[in-house]
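# Residue-level structural notes
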Amino acid sequence: MAGRFDLQGRHGKSRVRVSRVWRRPAADGGHLFVEWSVAVSLVSDCLPSYTSHDNSAIVATDSIKNTVYVKAKECTEVVSMEEFAVILGRHFTSLYPQVSEATVTIVERPWERVVVDGKPHSHGFKLGSEKHSTEVTVKKSGGLLINSGIQGYSLLKTTQSGFEGFVRDRYTLLPETRERIVATEVTAWWRYPFEHVSQLPSKPFCFTQRYQDLKKVLADTFFGPPDVGVYSPSVQNTLYLMGREVLTRFPDIASIQLRMPNLHFLPVNLSGKENPGLVKFADDVYMPTDEPHGTIEATLTRANSKL
Ligand SMILES: O=c1[nH]c(=O)c2[nH]c(=O)[nH]c2[nH]1
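Residues numbered from 1 in each chain as written. Predicted model: local features only at pLDDT ≥ 70, side-chain atom pairs only at ≥ 80, totals over all residues. Heavy atoms only, no water.

This brings us to the overall build of the chain. Across its full length, the chain holds five helices and twelve strands. Expected size for 307 residues packed as a compact globule is a radius of gyration near 19 Å; at 24 Å, the chain overshoots this value by more than 25%. Each of the three principal axes of the chain carries a C-alpha extent, and together these read 80 × 65 × 45 Å. Relative to its full complement of 307 residues, the chain shows a buried share of 39%. Pairs at least 24 apart in sequence give 65% of the contacts found in the chain among residues at least 6 apart. Approximately 17800 Å² of the chain is accessible, and the part contributed by carbon and sulfur atoms is 54%. Charge centroids of the chain, computed over 36 positive and 33 negative side chains, lie 4 Å from each other. (Helix = DSSP H or I, 4+ residues; strand = E, 2+ residues; numbered from the N terminus. Rg over C-alpha atoms; globule rule 2.2 N^0.38 Å. Buried < 20%, exposed > 50% of the residue type's maximum accessible area, 1.4 Å probe, protein only. Contact = heavy atoms within 4.5 Å. Areas by Shrake-Rupley, 256 points an atom, 1.4 Å probe, with all protein chains shown as cover. Lys, Arg positive; Asp, Glu negative; His and termini not counted. Charge placed at Lys NZ, Arg CZ, Asp CG, Glu CD.)

Take a look at the structure:
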(Lines give C-alpha, C1' and ligand atoms only; values in the text may rest on other atoms or scores of the structure.)
Protein backbone atom coordinates (compact mmCIF):
# COMPACT_ATOMS: atom_id res chain seq x y z
CA MET A 1 0.00 0.00 0.00
CA ALA A 2 1.21 3.46 -0.82
CA GLY A 3 -0.78 5.85 1.33
CA ARG A 4 -4.45 5.73 0.42
CA PHE A 5 -3.94 3.86 -2.83
CA ASP A 6 -3.10 0.34 -3.79
CA LEU A 7 -0.16 0.62 -6.16
CA GLN A 8 1.31 -2.09 -8.33
CA GLY A 9 3.97 -1.30 -10.87
CA ARG A 10 6.20 -3.00 -13.38
CA HIS A 11 9.08 -1.71 -15.41
CA GLY A 12 11.38 -2.98 -18.07
CA LYS A 13 12.63 -2.42 -21.60
CA SER A 14 10.86 -3.25 -24.85
CA ARG A 15 12.09 -3.74 -28.40
CA VAL A 16 15.60 -4.60 -27.40
CA ARG A 17 16.83 -5.89 -30.74
CA VAL A 18 19.64 -8.41 -30.63
CA SER A 19 21.17 -10.79 -33.14
CA ARG A 20 23.53 -13.64 -32.47
CA VAL A 21 25.73 -15.75 -34.73
CA TRP A 22 26.98 -19.18 -33.76
CA ARG A 23 29.86 -19.88 -36.14
CA ARG A 24 29.76 -23.59 -36.82
CA PRO A 25 32.02 -24.94 -39.55
CA ALA A 26 30.36 -25.51 -42.95
CA ALA A 27 30.83 -29.26 -42.45
CA ASP A 28 28.53 -29.07 -39.39
CA GLY A 29 25.78 -27.19 -41.21
CA GLY A 30 27.29 -23.72 -41.20
CA HIS A 31 26.53 -20.60 -39.20
CA LEU A 32 23.40 -20.32 -37.10
CA PHE A 33 21.83 -16.87 -36.95
CA VAL A 34 18.92 -15.35 -35.03
CA GLU A 35 17.41 -11.87 -34.76
CA TRP A 36 15.24 -11.29 -31.71
CA SER A 37 13.19 -8.40 -30.39
CA VAL A 38 13.24 -8.81 -26.61
CA ALA A 39 10.98 -7.21 -24.02
CA VAL A 40 11.69 -7.55 -20.31
CA SER A 41 9.13 -6.54 -17.70
CA LEU A 42 9.97 -6.80 -14.00
CA VAL A 43 7.75 -6.91 -10.96
CA SER A 44 10.05 -5.08 -8.59
CA ASP A 45 9.59 -3.64 -5.15
CA CYS A 46 10.51 -0.04 -5.81
CA LEU A 47 7.34 1.72 -4.70
CA PRO A 48 9.24 4.71 -3.22
CA SER A 49 10.31 5.61 -6.76
CA TYR A 50 6.63 6.12 -7.65
CA THR A 51 5.60 7.91 -4.48
CA SER A 52 8.74 9.91 -3.72
CA HIS A 53 12.08 10.92 -5.13
CA ASP A 54 13.79 7.73 -3.96
CA ASN A 55 15.13 5.70 -6.90
CA SER A 56 17.45 3.55 -4.80
CA ALA A 57 15.65 0.28 -5.62
CA ILE A 58 15.29 0.80 -9.37
CA VAL A 59 17.18 -1.48 -11.73
CA ALA A 60 17.49 1.03 -14.57
CA THR A 61 15.79 -0.01 -17.79
CA ASP A 62 19.07 0.89 -19.49
CA SER A 63 20.81 -1.77 -17.39
CA ILE A 64 18.03 -4.21 -18.31
CA LYS A 65 18.77 -3.53 -21.98
CA ASN A 66 22.51 -4.02 -21.44
CA THR A 67 21.85 -7.34 -19.69
CA VAL A 68 20.17 -8.70 -22.83
CA TYR A 69 23.42 -8.17 -24.76
CA VAL A 70 25.61 -9.52 -21.95
CA LYS A 71 23.54 -12.72 -21.76
CA ALA A 72 23.54 -13.09 -25.57
CA LYS A 73 27.33 -12.83 -25.45
CA GLU A 74 27.49 -15.49 -22.72
CA CYS A 75 25.39 -17.95 -24.75
CA THR A 76 28.34 -19.52 -26.51
CA GLU A 77 26.24 -22.65 -27.14
CA VAL A 78 23.13 -22.42 -29.32
CA VAL A 79 19.97 -21.56 -27.36
CA SER A 80 16.33 -21.38 -28.36
CA MET A 81 14.28 -18.22 -27.72
CA GLU A 82 12.51 -19.98 -24.88
CA GLU A 83 15.79 -20.94 -23.20
CA PHE A 84 17.18 -17.43 -23.64
CA ALA A 85 14.03 -15.96 -22.08
CA VAL A 86 14.39 -18.33 -19.10
CA ILE A 87 18.07 -17.35 -18.72
CA LEU A 88 17.08 -13.67 -18.57
CA GLY A 89 14.16 -14.30 -16.23
CA ARG A 90 16.30 -16.32 -13.81
CA HIS A 91 19.01 -13.66 -13.92
CA PHE A 92 16.77 -10.77 -12.90
CA THR A 93 14.85 -12.71 -10.25
CA SER A 94 17.96 -14.17 -8.63
CA LEU A 95 20.38 -11.21 -8.78
CA TYR A 96 18.02 -8.53 -7.41
CA PRO A 97 16.25 -9.10 -4.05
CA GLN A 98 13.54 -6.59 -4.96
CA VAL A 99 12.62 -8.35 -8.24
CA SER A 100 9.98 -11.00 -7.55
CA GLU A 101 8.97 -11.82 -11.11
CA ALA A 102 10.24 -11.27 -14.64
CA THR A 103 8.32 -11.64 -17.87
CA VAL A 104 10.42 -11.91 -21.00
CA THR A 105 8.79 -11.72 -24.41
CA ILE A 106 10.74 -12.47 -27.56
CA VAL A 107 9.66 -12.21 -31.18
CA GLU A 108 11.94 -13.72 -33.77
CA ARG A 109 12.56 -12.18 -37.17
CA PRO A 110 12.29 -15.25 -39.41
CA TRP A 111 15.66 -15.41 -41.16
CA GLU A 112 15.86 -18.71 -43.02
CA ARG A 113 18.90 -20.39 -44.51
CA VAL A 114 18.97 -19.98 -48.32
CA VAL A 115 19.42 -22.90 -50.67
CA VAL A 116 21.79 -22.30 -53.58
CA ASP A 117 21.95 -24.85 -56.39
CA GLY A 118 19.99 -27.25 -54.21
CA LYS A 119 22.42 -26.93 -51.28
CA PRO A 120 21.77 -25.21 -47.94
CA HIS A 121 24.10 -22.21 -47.78
CA SER A 122 26.62 -22.16 -44.93
CA HIS A 123 26.11 -18.49 -44.04
CA GLY A 124 23.36 -17.03 -46.29
CA PHE A 125 19.86 -16.22 -45.03
CA LYS A 126 16.65 -14.68 -46.41
CA LEU A 127 13.67 -13.29 -44.56
CA GLY A 128 10.63 -15.57 -44.29
CA SER A 129 7.12 -14.54 -43.28
CA GLU A 130 5.57 -16.21 -40.25
CA LYS A 131 7.03 -15.34 -36.85
CA HIS A 132 7.81 -17.44 -33.80
CA SER A 133 7.42 -15.79 -30.42
CA THR A 134 7.50 -16.66 -26.77
CA GLU A 135 6.39 -15.20 -23.45
CA VAL A 136 8.15 -16.57 -20.39
CA THR A 137 7.42 -15.64 -16.78
CA VAL A 138 9.92 -16.60 -14.08
CA LYS A 139 9.18 -16.14 -10.38
CA LYS A 140 11.79 -15.83 -7.67
CA SER A 141 10.62 -19.22 -6.37
CA GLY A 142 11.57 -20.77 -9.71
CA GLY A 143 7.93 -20.94 -10.78
CA LEU A 144 7.68 -20.86 -14.54
CA LEU A 145 5.19 -20.23 -17.32
CA ILE A 146 6.19 -20.73 -20.96
CA ASN A 147 3.80 -19.81 -23.74
CA SER A 148 4.99 -19.84 -27.32
CA GLY A 149 3.25 -18.92 -30.50
CA ILE A 150 3.21 -18.23 -34.18
CA GLN A 151 1.96 -15.09 -35.89
CA GLY A 152 1.38 -14.15 -39.51
CA TYR A 153 1.16 -17.69 -40.81
CA SER A 154 -0.69 -17.05 -44.09
CA LEU A 155 -2.42 -20.08 -45.60
CA LEU A 156 -4.75 -20.30 -48.61
CA LYS A 157 -6.40 -22.98 -50.69
CA THR A 158 -8.24 -22.48 -53.97
CA THR A 159 -10.88 -25.18 -53.49
CA GLN A 160 -12.14 -27.78 -50.99
CA SER A 161 -13.90 -25.10 -48.98
CA GLY A 162 -17.53 -24.11 -48.64
CA PHE A 163 -20.03 -22.53 -46.29
CA GLU A 164 -23.64 -23.72 -46.10
CA GLY A 165 -26.51 -24.12 -43.68
CA PHE A 166 -25.95 -20.91 -41.70
CA VAL A 167 -28.73 -18.64 -40.39
CA ARG A 168 -30.85 -17.16 -43.18
CA ASP A 169 -33.02 -14.21 -42.26
CA ARG A 170 -33.81 -10.71 -43.50
CA TYR A 171 -30.18 -9.71 -43.04
CA THR A 172 -28.75 -12.54 -45.13
CA LEU A 173 -27.35 -11.96 -48.63
CA LEU A 174 -24.49 -14.48 -48.72
CA PRO A 175 -25.27 -17.40 -51.02
CA GLU A 176 -24.48 -20.91 -49.85
CA THR A 177 -21.49 -22.45 -51.58
CA ARG A 178 -19.43 -25.62 -51.74
CA GLU A 179 -16.76 -23.95 -53.81
CA ARG A 180 -14.74 -21.01 -52.58
CA ILE A 181 -11.24 -19.85 -51.77
CA VAL A 182 -10.38 -19.97 -48.09
CA ALA A 183 -7.50 -17.86 -46.78
CA THR A 184 -6.33 -16.98 -43.32
CA GLU A 185 -3.43 -15.64 -41.31
CA VAL A 186 -3.04 -17.98 -38.36
CA THR A 187 -2.09 -16.73 -34.92
CA ALA A 188 -1.58 -19.51 -32.38
CA TRP A 189 -0.42 -19.65 -28.77
CA TRP A 190 0.31 -22.79 -26.80
CA ARG A 191 1.55 -23.54 -23.33
CA TYR A 192 4.48 -25.78 -22.42
CA PRO A 193 4.07 -28.04 -19.38
CA PHE A 194 7.11 -26.89 -17.37
CA GLU A 195 5.99 -25.19 -14.17
CA HIS A 196 9.32 -24.87 -12.41
CA VAL A 197 12.83 -24.16 -13.69
CA SER A 198 13.90 -27.54 -12.25
CA GLN A 199 11.56 -29.29 -14.74
CA LEU A 200 13.21 -27.77 -17.80
CA PRO A 201 14.56 -30.41 -20.17
CA SER A 202 18.27 -30.15 -20.89
CA LYS A 203 17.99 -31.76 -24.34
CA PRO A 204 16.81 -33.43 -26.55
CA PHE A 205 13.51 -31.56 -26.17
CA CYS A 206 14.11 -28.60 -28.33
CA PHE A 207 11.66 -25.72 -28.37
CA THR A 208 12.74 -24.68 -31.86
CA GLN A 209 12.13 -28.16 -33.28
CA ARG A 210 8.76 -28.26 -31.54
CA TYR A 211 7.82 -24.99 -33.22
CA GLN A 212 8.69 -26.41 -36.64
CA ASP A 213 6.76 -29.64 -35.96
CA LEU A 214 3.71 -27.79 -34.66
CA LYS A 215 3.72 -25.46 -37.66
CA LYS A 216 3.72 -28.48 -39.96
CA VAL A 217 0.79 -30.11 -38.12
CA LEU A 218 -1.21 -26.87 -38.46
CA ALA A 219 -0.52 -26.60 -42.20
CA ASP A 220 -0.97 -30.30 -42.98
CA THR A 221 -4.37 -30.26 -41.25
CA PHE A 222 -5.43 -27.09 -43.03
CA PHE A 223 -4.47 -28.40 -46.48
CA GLY A 224 -5.08 -32.17 -46.34
CA PRO A 225 -3.26 -34.57 -48.67
CA PRO A 226 -1.41 -32.92 -51.60
CA ASP A 227 -3.46 -34.44 -54.41
CA VAL A 228 -7.04 -34.27 -53.08
CA GLY A 229 -6.91 -31.97 -50.04
CA VAL A 230 -9.65 -32.09 -47.44
CA TYR A 231 -13.06 -30.38 -47.52
CA SER A 232 -13.57 -27.50 -45.10
CA PRO A 233 -17.24 -26.77 -44.26
CA SER A 234 -16.25 -23.64 -42.28
CA VAL A 235 -13.20 -21.87 -40.89
CA GLN A 236 -14.59 -22.84 -37.48
CA ASN A 237 -14.38 -26.56 -38.26
CA THR A 238 -10.92 -26.29 -39.83
CA LEU A 239 -9.65 -24.31 -36.84
CA TYR A 240 -11.01 -26.97 -34.48
CA LEU A 241 -9.40 -29.82 -36.43
CA MET A 242 -6.07 -27.97 -36.46
CA GLY A 243 -6.14 -27.44 -32.70
CA ARG A 244 -7.32 -30.99 -32.02
CA GLU A 245 -4.51 -32.43 -34.13
CA VAL A 246 -1.91 -30.38 -32.21
CA LEU A 247 -3.22 -31.62 -28.85
CA THR A 248 -3.37 -35.19 -30.14
CA ARG A 249 0.15 -35.17 -31.56
CA PHE A 250 1.81 -33.36 -28.65
CA PRO A 251 0.53 -34.82 -25.37
CA ASP A 252 2.62 -32.37 -23.31
CA ILE A 253 0.75 -29.37 -24.73
CA ALA A 254 -2.25 -28.71 -22.50
CA SER A 255 -3.94 -25.96 -24.42
CA ILE A 256 -3.82 -24.11 -27.73
CA GLN A 257 -5.39 -20.83 -28.67
CA LEU A 258 -6.03 -20.24 -32.37
CA ARG A 259 -7.09 -17.08 -34.17
CA MET A 260 -7.92 -17.46 -37.85
CA PRO A 261 -9.35 -14.44 -39.64
CA ASN A 262 -11.40 -15.32 -42.72
CA LEU A 263 -9.71 -13.26 -45.47
CA HIS A 264 -12.27 -13.02 -48.21
CA PHE A 265 -11.84 -13.54 -51.94
CA LEU A 266 -15.04 -12.16 -53.39
CA PRO A 267 -16.46 -13.46 -56.69
CA VAL A 268 -16.22 -10.80 -59.40
CA ASN A 269 -19.39 -10.18 -61.40
CA LEU A 270 -19.40 -7.02 -63.50
CA SER A 271 -22.45 -5.95 -65.38
CA GLY A 272 -23.90 -2.65 -66.61
CA LYS A 273 -26.63 -1.39 -68.88
CA GLU A 274 -24.24 -1.07 -71.82
CA ASN A 275 -22.19 -4.15 -71.01
CA PRO A 276 -24.46 -6.77 -69.47
CA GLY A 277 -22.44 -9.73 -68.24
CA LEU A 278 -19.07 -8.00 -68.77
CA VAL A 279 -17.45 -10.40 -66.29
CA LYS A 280 -19.43 -13.43 -65.17
CA PHE A 281 -17.90 -15.29 -62.24
CA ALA A 282 -17.01 -18.89 -62.95
CA ASP A 283 -14.73 -19.71 -60.00
CA ASP A 284 -11.93 -17.85 -61.73
CA VAL A 285 -11.68 -14.10 -61.01
CA TYR A 286 -11.87 -12.82 -57.42
CA MET A 287 -11.45 -9.55 -55.57
CA PRO A 288 -9.13 -10.17 -52.61
CA THR A 289 -9.95 -8.15 -49.54
CA ASP A 290 -9.10 -8.25 -45.88
CA GLU A 291 -11.29 -5.29 -44.96
CA PRO A 292 -13.67 -6.23 -43.51
CA HIS A 293 -12.74 -9.79 -42.61
CA GLY A 294 -14.30 -12.52 -40.50
CA THR A 295 -12.76 -13.19 -37.11
CA ILE A 296 -12.81 -16.78 -35.93
CA GLU A 297 -11.02 -17.80 -32.74
CA ALA A 298 -11.13 -20.58 -30.19
CA THR A 299 -9.11 -22.13 -27.38
CA LEU A 300 -8.85 -25.90 -27.07
CA THR A 301 -7.86 -27.27 -23.69
CA ARG A 302 -7.28 -30.90 -22.84
CA ALA A 303 -10.36 -32.09 -20.91
CA ASN A 304 -8.37 -33.41 -17.91
CA SER A 305 -5.97 -30.48 -17.85
CA LYS A 306 -5.23 -28.61 -14.62
CA LEU A 307 -5.61 -25.30 -16.47
O1 LIG B 1 -16.18 -20.31 -42.65
C2 LIG B 1 -16.93 -19.34 -42.45
N3 LIG B 1 -17.41 -19.11 -41.20
C4 LIG B 1 -18.24 -18.06 -40.92
O5 LIG B 1 -18.66 -17.87 -39.74
C6 LIG B 1 -18.62 -17.23 -42.00
N7 LIG B 1 -19.42 -16.14 -42.09
C8 LIG B 1 -19.40 -15.74 -43.39
O9 LIG B 1 -20.03 -14.76 -43.86
N10 LIG B 1 -18.63 -16.57 -44.13
C11 LIG B 1 -18.12 -17.50 -43.28
N12 LIG B 1 -17.28 -18.55 -43.49
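Further remarks concern the state of the cysteines. One pass over the full model with this rule turns up zero disulfides. Of the cysteine sulfurs around cysteine 75, a residue in no disulfide, the closest is that of cysteine 206, at 14 Å. Residue class for cysteine 75 comes out buried when judged on its relative accessible area of 8%. (Disulfide = S-S within 2.5 Å.)

Moving on, we come to the UniProt feature "binding site: 5-hydroxyisourate" (unreviewed entry) in the chain. UniProt feature "binding site: 5-hydroxyisourate" (unreviewed entry): in the numbering of this structure it lies at Thr61, Asp62, Phe163, Arg180, Val235, Gln236 and Asn262. Spanning 202 residues, the named residues are also spread out in space, since their farthest C-alpha pair is 52.9 Å apart. In the annotation above, Val235 are the residues that line the largest cavity. The residue valine 235 is located in helix H5 (residues 235-249) in this model. In this view, valine 235 contacts Arg180, Val182, Met260, Asn262 and Ile296; residues no more than four positions away in its chain are not counted. You can see glutamine 236 is positioned in helix H5. On the accessibility criterion, glutamine 236 (43% relative accessible area) is partly exposed. (UniProt positions renumbered as here; feature names shortened; annotations may be inferred. 1 Å grid on protein atoms, 1.4 Å probe; cavity = no way out; pocket = protein on both sides within 12 Å on 5 of 7 lines; lining within 4 Å.)

Sheet architecture is open: eight strands sit in the order S1-S2-S3-S6-S7-S8-S9-S12, paired in antiparallel fashion. A strand with exactly one partner marks an edge of an open sheet, and here the two such strands are strand S1 (11-22) and strand S12 (297-301). On average, each strand axis in the sheet is tilted by 15 degrees relative to the strand beside it, whichever way the strands run. Two elements, strand S9 (residues 255-259) and S12, share five bridges in a ladder whose sense is antiparallel. From the neighbouring strand, leucine 258 faces S12, where its bridge partner is alanine 298. Together, S1 and strand S2 (32-44) form the strand contacts of helix H2 (residues 61-74), whose direction differs from that of S1 by roughly 20 degrees. On top of the sheet, helix H3 (residues 81-95) reaches S2, strand S3 (99-109), strand S6 (131-139) and strand S7 (144-157); it is set at about 155 degrees to S3, its chief contact. (Pairing = 2+ DSSP bridges. Axes fitted to C-alpha atoms, helices over the stretch in contact; angles between N-to-C directions.)

Considering all chains together, one arrives at one cavity of 30 Å³ or more under this definition. In this structure, the largest cavity spans a volume of roughly 30 Å³. Taken together, the residues that form the lining of the largest cavity break down as four nonpolar, three polar and no charged. (Points joined across faces, edges and corners; volume = space filled by probe spheres on them. Nonpolar A, V, L, I, M, F, W, Y, C, P; charged D, E, K, R; others polar.)

With respect to spatial proximity, the complete set of residues near the ligand consists of Phe163, Leu174, Arg180, Ser234, Val235, Gln236, Asn262 and Ile296. Glutamine 236 has a polar side-chain atom sitting 2.9 Å from a nitrogen atom of the ligand. A distance of 3.2 Å separates a nitrogen atom of the ligand from a polar side-chain atom of asparagine 262. When each cavity is represented as a set of grid points, the ligand is found to reside in the second largest pocket. The residue inventory of the shell around the ligand, partitioned by class, reads four nonpolar, three polar and one charged. (Near = heavy atom within 4 Å. Polar contact = N/O pair within 3.5 Å; in protein donor to acceptor, adjacent residues only side chain to side chain. Sits in = over half its atoms within 2 Å of the grid points.)

On to the layout of surface pockets, then. If you add up the space inside the largest pocket, you get close to 700 Å³. In terms of lining residues, the largest pocket is bounded by 30 residues, among which Phe33, Val34, Glu108, Thr208 and Gln212 are the most central. Elements represented by at least two residues in the lining of the largest pocket include exactly S2, H3, S3, strand S4 (111-116), S6 and helix H4 (207-223). Top contributing element to the lining of the largest pocket by residue count: H4, with five residues. Class assignment of the residues belonging to the lining of the largest pocket gives a composition of 13 nonpolar, six polar and eleven charged. Taken domain by domain, the lining of the largest pocket gets at least three of its residues from each of domain 1 (8-142) and domain 2 (149-307). (Domains from an automatic or database assignment.)

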